[in-house]
Amino acid sequence: ANWPTQVARRNAWNAGSGLAGVAGDVGRAIALSPDGSFRELDLSDPAAPRVIAHYKHAPGISRFSGVYRTGNRVVLFGEDGLEVVAREGAVFRRVFALDRGVAGAVIGVEEVDGQLLAAGTRGLVRTPLDGGPVERLYDRPLRGMARSGDLLLALDEQWLYSGSARDPRPAGFAKVAELGRGLAARGVRIGGGVAVVFGASGIACFDVSGGAPARALLRPKAGTLGNVTDVTVVGGSVFVIGDRGLQVWDPQRGRIVDAVDVKGRAALDAAGGYVIAIGGDRLEVVDVTPWITRSAPAAPAR
């Protein structure tokens, strides 16, 4: 860090038990437990996150590692498939579920025009957000999926593909970038025309604003960022979480801009001008406006 970046870190919230996933929205966050239970937090005061709703999952052996929010629906997903719950007032109710036999181990979901896309070991499937027939769109096992408008990115162990989110037919997907196998890719995120593929050995950034093929941006050497567990893109900056805390990567200049020492290092998501990091039983909120409003190296907001 080139300035006291700890001032950007707000007070941590302690869940009292382990957290597995996080989904951010403007002024809100969903903090997911591995058993599928979750709490909705009000972040209107980022220094004092407040629980405003709670969903208690029915006992079982299913394990969840990711959470996605769209409107009043919350989608839980992981190695045993996915489950959709709906908020009705202050109460959440289960809508439907797809088990591993139908959806596979799910690594990412997106909602498009009332339809739910789920990517994972069974490829890409689509089903109505309120449940119904399941359509298999793509058979190749996938490691990641991300959407921006009508642009849908899909990731396997070697290639990054793009297609239409509203018409994701196999013939409509095009190869936009070859990753190679050294990255050990395990996810993809997109924001502001920048796609970031991440894996245990680092990240690879691509300019996807012009469609296919993608333009490769400057890539850190293996090990530069440490072991990466998640990323998010806000305002043209890439926020990387891993064993070295929260690092800020400038994809245009190809350098680490800053770092923030956070304890939650397992997953990350954006919530307006903040990023939310989780790890263990902690959730931490970091104000990222110094890095998304700058035209020069980051400095404290004054």
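Refer to the preceding data block for the structure.
Rules used throughout
Residues numbered from 1 in each chain as written. Predicted model: local features only at pLDDT ≥ 70, side-chain atom pairs only at ≥ 80, totals over all residues. Heavy atoms only, no water. Phe/Tyr/Trp six-rings, centres within 6.5 Å; stacked < 30°, edge-to-face > 60°. Helix = DSSP H or I, 4+ residues; strand = E, 2+ residues; numbered from the N terminus. Buried < 20%, exposed > 50% of the residue type's maximum accessible area, 1.4 Å probe, protein only. Pairing = 2+ DSSP bridges. Salt bridge = Lys/Arg side-chain N within 4 Å of Asp/Glu carboxyl O. 1 Å grid on protein atoms, 1.4 Å probe; cavity = no way out; pocket = protein on both sides within 12 Å on 5 of 7 lines; lining within 4 Å. Points joined across faces, edges and corners; volume = space filled by probe spheres on them. Nonpolar A, V, L, I, M, F, W, Y, C, P; charged D, E, K, R; others polar.

A. Broad picture of the packing of aromatic side chains. Taken as a whole, this structure holds seven aromatic pairs when the rule is applied. For the ring pair Tyr 138 and Phe 173, a centre distance of 5.5 Å and an interplane angle of 45° mean the geometry is tilted. A residue pair is termed long-range when its members are at least 10 positions apart, and Tyr 138 in strand E13 (residues 135-138) and Phe 173 in the loop between strand E16 (159-164) and strand E17 (174-178) qualify at 35 residues. This pair shows no difference in class: Tyr 138 is buried, exactly as Phe 173 is.

B. Representation of the pairing of strand E2 (residues 21-25) within the structure. The sheet contact formed by E2 and strand E3 (residues 28-32) spans five bridges and is antiparallel. Looking at the pairing, Val 22 lines up with Ala 31 of E3. In sequence, E2 turns back onto E3 through a hairpin of two residues, with Gly 27 there showing a positive phi of about 75°.

C. Structural context of the pattern of salt bridges. Applying the stated criterion across every chain, the model contains 20 salt bridges. Residues Glu 135 and Arg 126 are paired through a salt bridge, measuring 2.9 Å at the closest nitrogen-oxygen approach. We classify Glu 135 as partly exposed; its relative accessible area is 38%. Of the charged contacts, one joins Arg 282 and Glu 284 as a salt bridge, the two residues approaching to 3.4 Å between their closest N and O atoms. Judged by relative accessible area, which is 30%, Arg 282 ranks as partly exposed. Relative accessible area serves as the criterion here: at 2%, Glu 284 is assigned to the buried category. Counted as one network, the salt bridges with shared partners bring together Arg 28, Glu 40, Asp 42, Arg 50, Arg 69 and Arg 87.

D. Spotlight on unusual backbone geometry. With phi around 50°, Asp 113 is a residue other than glycine that occupies positive phi space. Tracing the backbone shows Asp 113 in the loop between strand E10 (106-112) and strand E11 (115-120). With a phi close to 50°, Ala 184 is a non-glycine residue in the positive phi region. With respect to the helices, strands and loops of the structure, Ala 184 is situated in the loop between E17 and strand E18 (185-191). Assessed through its relative accessible area of 38%, Ala 184 is described here as partly exposed.

E. Structural detail: the layout of surface pockets. One number sums up the size of the largest pocket: a volume of about 1,200 Å³. Lining the largest pocket are 46 residues, with Val 22, Val 67, Arg 189, Leu 268 and Asp 269 sitting closest to its centre. Looking at the lining of the largest pocket, the elements with two or more residues in it are E2, strand E6 (66-70), strand E7 (73-78), E10, strand E14 (144-148), E18, strand E22 (228-234) and strand E26 (267-271). Broken down by element, the lining of the largest pocket gets its largest block of residues, six residues, from E18. Classifying every residue of the lining of the largest pocket gives 22 nonpolar, 14 polar and 10 charged.

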